[in-house]
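Each chain, written out:
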Amino acid sequence: MSPRIVLVGPMGVGKSTVGRLLAERLGVGFRDTDDDIVGAEGRTIADIFVDEGEAAFRAVEKRAVQTALTEHEGVLALGGGSVLDPDTRALLAPQQVVYLSMDVEEAVRRTGLNVARPLLAVNPRKQWRELMEARRHLYEEVATAVVATDGRAPEEVTEAVLDALELKTVSPGARPPGPRPKDAVVNDVTRIRIGGTAGSEPYEVLVGRQLLGELAGLIGDRAKRVAVVHPEALAETGDALRADLAGQGYEAIAVQVPNAEEAKTAEVAAYCWKALGQSGFTRTDVIVGVGGGATTDLAGFVAATWLRGVRWIAVPTTVLAMVDAAVGGKTGINTAEGKNLVGAFHPPAGVLCDLAALDSLPVNDYVSGLAEVIKAGFIADPVILDLIESDPEAARTPAGPHTAELIERSIRVKADVVSSDLKEAGLREILNYGHTLGHAIEKNERYTWRHGAAVSVGMHFAAELGRLAGRLDDATADRHRTVLASVGLPLHYRHDQWPKLLEAMKVDKKSRGDMLRFIVLDGLAKPTVLEGPDPAVLLAAYGEVGE
């Protein structure tokens, strides 16, 4: 007993889809050795790679292929790396083997980065090129026929395989190939334009997957040097990106900075300036900030201040950075007196929001970023709130059905605001909803609290303040608590810290002289400014927040 057709080829080429169509056309069964492995091991292939290493996985894969070749007589699809084993190649010698091929551009459209490796660690095109250099001759060695899949729908590939093997028998009731459908595995890229104001150039925020191929185009051919600023936690990512840019002809350096808010200091900025100076950075060179909001804030500030302004590109890797920090051109560092008190308005040349980066984000970091998403819902786009309320548990994970839409809607809210008010002269202040108290909490906790957690408490406070000031209806105020709590964001902070928080808020960027100013809501999606509220009202509002 042996399979009628064996399909080999790289990940993402469509072996499973085409295999099922072939099996239907021929009236036989279909089997996929990757599915066999997952079923037998009770875990994903990526988990096996991470837990036991590639050598252990290849041993499991070899056994699975041998079993399937013995037992199955229909169409069989093998994993992309199965042909690496010489014994497997020997077993394939008497089989009808079809190598499904695709070129680099098609591969980048269809596939993501290998989930067993750090996200954003390599350029997809480079990864694919190196992988195929190692495997193409092995696929060709075992193949009876080679069928290109580039630009073809699965039905067209199926027909080409049947033609190549001269297999024209169609199972009773089988349907002929229909019109070419939209390829489901092609990854769409959403482009959100940020309009230029106050002499700044317009730029685009790209949201999708496999976006690093866009980076060189944003850097351009005028740049000779590129500095990749990355946090310690993304050391491998930063170095791999530096190496990839070097391979494309740039003089690339990696500048490692501390994680999170520890990076946003004058000392770290000075360290970055020194690295640029030692590298001979000129005004036509480019900085790339890869990481969370703190890293992109720092990278943008360094770009704004080096030679009075060089171009920079943001590659945010967290929800917070994608929907807030990397969009709009507000850059800054912290001081002992408060958060973001030193900074500059310096828009990036582009922003690459690769959603694949969120797949490995710790759940607490992911949920923290949702605070900025929810903020966008309350100040401008209530559909965001509806999506979260429809399934709060799904909203807590990047695998949720609305992840891309939530992020895109949040970015559009900010894009609409900053396109008309780059330097926070008026409308842009609404983006600080919940941030006045939130920043005070962060300072009080010496920046050990996640930004989103502090902003969540700040929004709860702002809702209660709006209610007590006679601005906000009870239903919308109460909705703050339910939405924030439903995804696991905090609502409360220590009651005894109010005097310290009040002092911290007096140096908030929105304050004017001795007058405190808060963003509150006159209703859902109706933000406004509340100036100089009565101290008794402030204390009463905090009474709903403190515990």
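Residues numbered from 1 in each chain as written. Predicted model: local features only at pLDDT ≥ 70, side-chain atom pairs only at ≥ 80, totals over all residues. Heavy atoms only, no water.

A few points about the overall build of the protein
Within the protein, the secondary structure is distributed over 22 helices and 16 strands. Residue pairs in contact within the protein that sit at least 24 positions apart in sequence constitute 74% of those at least 6 positions apart. As presented, the protein carries roughly 22600 Å² of accessible surface, and 51% of it is formed by carbon and sulfur atoms. (Helix = DSSP H or I, 4+ residues; strand = E, 2+ residues; numbered from the N terminus. Contact = heavy atoms within 4.5 Å. Areas by Shrake-Rupley, 256 points an atom, 1.4 Å probe, with all protein chains shown as cover.)

Some thoughts on the sheet that holds strand β11 (residues 311-316)
Within a sheet, neighbouring strands are paired by backbone hydrogen bonds and run either parallel or antiparallel to one another. A sheet is described by the order of its strands in space; here seven strands give the open sequence β6-β7-β14-β11-β10-β8-β9, paired in mixed fashion. What marks the edges here is a single partner per strand, and that holds for β6 (190-194) and β9 (251-257). Neighbour-to-neighbour, the strand axes of this sheet turn through a mean angle of 15°, independent of strand direction. In this structure, β11 lies alongside strand β14 (residues 350-354), joined through two bridges in parallel fashion. Bridge pairing links Ile-313 to Gly-350 in β14. (Pairing = 2+ DSSP bridges. Axes fitted to C-alpha atoms, helices over the stretch in contact; angles between N-to-C directions.)

Concerning the nonpolar core
Within the largest apolar cluster, 74 residues are counted, with the highest numbers of intra-cluster contacts made by Val-205, Ile-287, Leu-298, Ile-374, Ile-388, Ile-411 and Tyr-433. For this core, the element with the most residues is helix α14 (residues 363-379), which contributes nine residues. Leaving out residues up to four positions away in the same chain, Ile-287 has contacts with Ala-227, Val-229, Leu-276, Phe-281, Ala-299, Val-302, Ala-303, Val-310, Arg-311, Trp-312 and Ile-313. In terms of nonpolar packing, the next biggest core, distinct from the first, is built from 20 residues, Ile-441, Ala-454, Tyr-493 and Val-545 among them. (Core = buried A, V, L, I, M, F, W, Y, C linked by side-chain atoms within 4.5 Å. Buried < 20%, exposed > 50% of the residue type's maximum accessible area, 1.4 Å probe, protein only.)

Looking at the packing of aromatic side chains
Taken as a whole and assessed by the stated rule, the structure comprises eight aromatic pairs. With 4.9 Å between their ring centres and 35° between their planes, Phe-49 and Phe-57 make a pair best called tilted. Plain terms: the ring middles of Phe-461 and Tyr-542 are 6.4 Å apart, the flat faces sit at 65° to each other, and that makes the pair edge-to-face. Pair noted here: Phe-461 is in helix α19 (residues 451-468) and Tyr-542 is in helix α22 (residues 535-545), with a separation of 81 residues, a long-range link. You can call Phe-461 buried: its relative accessible area is 1%. Overall, Tyr-542 belongs to the buried group, its relative accessible area being 0%. (Phe/Tyr/Trp six-rings, centres within 6.5 Å; stacked < 30°, edge-to-face > 60°.)

Quick look at the sheet that holds strand β4 (residues 97-101)
One open sheet holds the five strands; their spatial order is β2-β3-β1-β4-β5, and the pairing between them is parallel. The sheet is open, and its two edges are formed by β2 (30-32) and β5 (145-148), each paired on a single side. On average, adjacent strands in this sheet sit at an angle of 25° to one another, irrespective of strand direction. By the bridge criterion, three bridges tie strand β1 (residues 5-8) to strand β3 (residues 75-77) in an arrangement that is parallel. Directly across from Leu-7, in β3, lies its bridge partner Ala-77. In the packing of helix α2 (residues 33-41) onto the sheet, the strands contacted are β2 and β3, and the crossing angle to β2 comes to about 65°.

Some thoughts on the confidence of the model for the protein
Taken over all residues, the pLDDT of the protein has a mean of 86, while the share at 70 or more is 87%. Here residues 112-121 is a poorly scored stretch, pLDDT under 50, and it has 32 contacts once near neighbours within four places are set aside; other chains count. Counting interchain partners and residues more than four positions distant, the pLDDT-below-50 stretch residues 168-187 has 32 contacts. (pLDDT = per-residue confidence, 0-100.)

Notes on the pattern of salt bridges
Summed over all chains, the structure comprises 41 salt bridges. A salt bridge links Asp-359 to Arg-209, with the nearest nitrogen and oxygen atoms 3.0 Å apart. Here the residue Asp-359 occupies a position in the loop between β14 and α14, and Arg-209 occupies one in the loop between β7 (203-208) and α9 (215-219), the gap between them amounting to 150 residues. When its relative accessible area of 41% is taken as the criterion, Asp-359 is described as partly exposed. Sharing partners across several salt bridges, the network here consists of Glu-261, Lys-264, Asp-297, Lys-339 and Glu-442. (Salt bridge = Lys/Arg side-chain N within 4 Å of Asp/Glu carboxyl O.)

Considering the packing of helix α18 (residues 435-444) against helix α21 (residues 498-505)
Geometrically, a packed helix pair is captured by the angle between its two axes and the distance between the axes. It is the contact of α18 with α21, at a shortest axis distance of 9 Å, that shows an interaxial angle of 115°. Judged by the inter-axis angle, α18 sits roughly perpendicular to α21. Of the two possible hands of crossing, α18 and α21 adopt the one that is right-handed. Contacts between α18 and α21 pair Thr-436, Leu-437, Ala-440, Ile-441, Lys-443 and Asn-444 from the former with Trp-498, Lys-500, Leu-501, Ala-504 and Met-505 from the latter. Here the contact of α18 with α21 is built from residues that sort into seven nonpolar, two polar and two charged. (Parallel < 35°, antiparallel > 145°, perpendicular 65-115°, else oblique. Left-handed = near helix turned anticlockwise from the far one by under 90°. Nonpolar A, V, L, I, M, F, W, Y, C, P; charged D, E, K, R; others polar.)

A few points about the pairing of β5
Burial along β5 is one-sided: the face carrying Ala-145 and Val-147 is buried and the face carrying Val-146 and Ala-148 is not. By the bridge criterion, four bridges tie β4 to β5 in an arrangement that is parallel. Pairing of Ser-101 across the sheet is with Ala-148, part of β5.

So, helix α15 (residues 383-390)
Turning to α15, its buried residues number three or more, namely Ile-384, Leu-385, Leu-387 and Ile-388. Each buried residue of α15 sits inside an arc of 160° when the element is viewed along its axis, so together they form one side. (Arc of directions from axis to C-beta.)

As for α14
Taking 1.5 Å per residue as the helical rise, α14 with its 17 residues ought to reach 24 Å, and the 25 Å between its terminal C-alpha atoms agrees with that figure. Burial of α14 is extensive: 14 of the 17 residues sit out of reach of the surface. (Expected span 1.5 Å × (residues − 1).)

Some details on the packing of α19 against helix α20 (residues 474-486)
For the pair α19 and α20, the least separation of the axes is 9 Å and the interaxial angle reads 165°. With respect to α20, the element α19 is oriented roughly antiparallel. Regarding α19 and α20, the two cross each other, and that crossing is left-handed. Touching Ser-456, Met-459, His-460, Ala-463, Glu-464 and Arg-467 of α19 are Asp-474, Ala-477, Asp-478, His-480, Arg-481 and Leu-484, all from α20. Its residues assigned to classes, the contact of α19 with α20 shows four nonpolar, three polar and five charged.

As for a nonpolar patch on the surface
Taken together, the side chains of Leu-341, Val-342 and Val-507 present a nonpolar region at the surface, about 210 Å² in accessible area. With relative accessibility at 35%, the residue Leu-341 sits in the partly exposed group. (Patch = residues over 30% accessible without salt bridge, like charges linked within 9 Å, V, L, I, M, F, W, Y side chains within 5 Å.)

Considerations on the side chain of Glu-61
Here Glu-61 is to be found in helix α4 (residues 54-71). On the accessibility criterion, Glu-61 (3% relative accessible area) is buried. In terms of polar contacts, Glu-61 uses its side chain to reach the side chain of Arg-58, at 2.8 Å. Apart from the residues within four sequence positions on either side, Glu-61 is in contact with Asp-34, Ile-37, Gly-79, Gly-81 and Ser-82. (Polar contact = N/O pair within 3.5 Å; in protein donor to acceptor, adjacent residues only side chain to side chain.)

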